[in-house]
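Topology and contacts: notes
Listed below are the residues making up each chain.
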Amino acid sequence: MDWQQPAALAVVALTAGVLLWRWMRPRRMDFQRRTGCGCAGSAGRPPSVCVSGRRGERPQVLVTDR
């Protein structure tokens, strides 16, 4: 049991180090957020596709613009 305590502390320290690194590291540049262009976001959401059908019936495919 003597080796278990340092191993557990090493795992906790490594996890804390990874979390701190992800929190402190510099972020990648996001073109929309930095420039305010909004070109890619202005198109809205892509259309949704709904496929439905019951046994013995012909399947229905509905494409809606939301």
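Residues numbered from 1 in each chain as written. Predicted model: local features only at pLDDT ≥ 70, side-chain atom pairs only at ≥ 80, totals over all residues. Heavy atoms only, no water.

1. Topic: the overall build of the protein
Rule in force here: A helix here means a DSSP run of H or I that spans at least four residues, while a strand means a run of E at least two residues long, and both kinds are numbered starting from the N terminus. The buried label applies to any residue whose accessible area, calculated with a 1.4 Å probe on protein chains only, is under 20% of its type's maximum; exposed applies above 50%, and partly exposed to all values in between. Each accessible area is a Shrake-Rupley estimate made with a 1.4 Å probe; only the visible protein chains count as cover when residues are assessed.
Of the regular secondary structure elements, the protein holds 2 helices and 2 strands. Along the protein, helices (α) and strands (β) appear in the sequence α-α-β-β when read from the amino end. Evaluated residue by residue, the protein yields a buried proportion of 0% over its 66 residues. A total accessible area of about 6900 Å² is found for the protein, and carbon and sulfur atoms account for 60% of it.

2. So, a nonpolar patch on the surface
Cut-off, in case you're wondering: Within this analysis, patches are made of residues with over 30% relative accessible area and no salt bridge. Like charges are joined at 9 Å or less; nonpolar side chains (Val, Leu, Ile, Met, Phe, Trp, Tyr) at 5 Å or less. Salt bridges, as used here, are contacts in which a Lys or Arg side-chain nitrogen is within 4 Å of a carboxyl oxygen on Asp or Glu.
Taken together, the side chains of Val 49, Val 51, Val 61 and Val 63 present a nonpolar region at the surface, about 400 Å² in accessible area. Listed by contribution, the elements that provide at least two residues to the nonpolar patch are strand E1 (48–52) and strand E2 (60–64). Mapped onto the secondary structure, Val 51 falls in strand E1.

3. Considering a positive patch on the surface
Keep this limit in mind: Charged-residue counts in this description rest on Lys and Arg as positive and Asp and Glu as negative, His and the chain ends being excluded. Charge positions are represented by NZ for Lys, CZ for Arg, CG for Asp and CD for Glu.
On the surface, a cluster of positive charge is made up of Arg 22, Arg 25, Arg 27 and Arg 28. By secondary structure assignment, the location of Arg 25 is in the loop between helix H1 (4–24) and helix H2 (31–35).

Geometry only, nothing functional implied.
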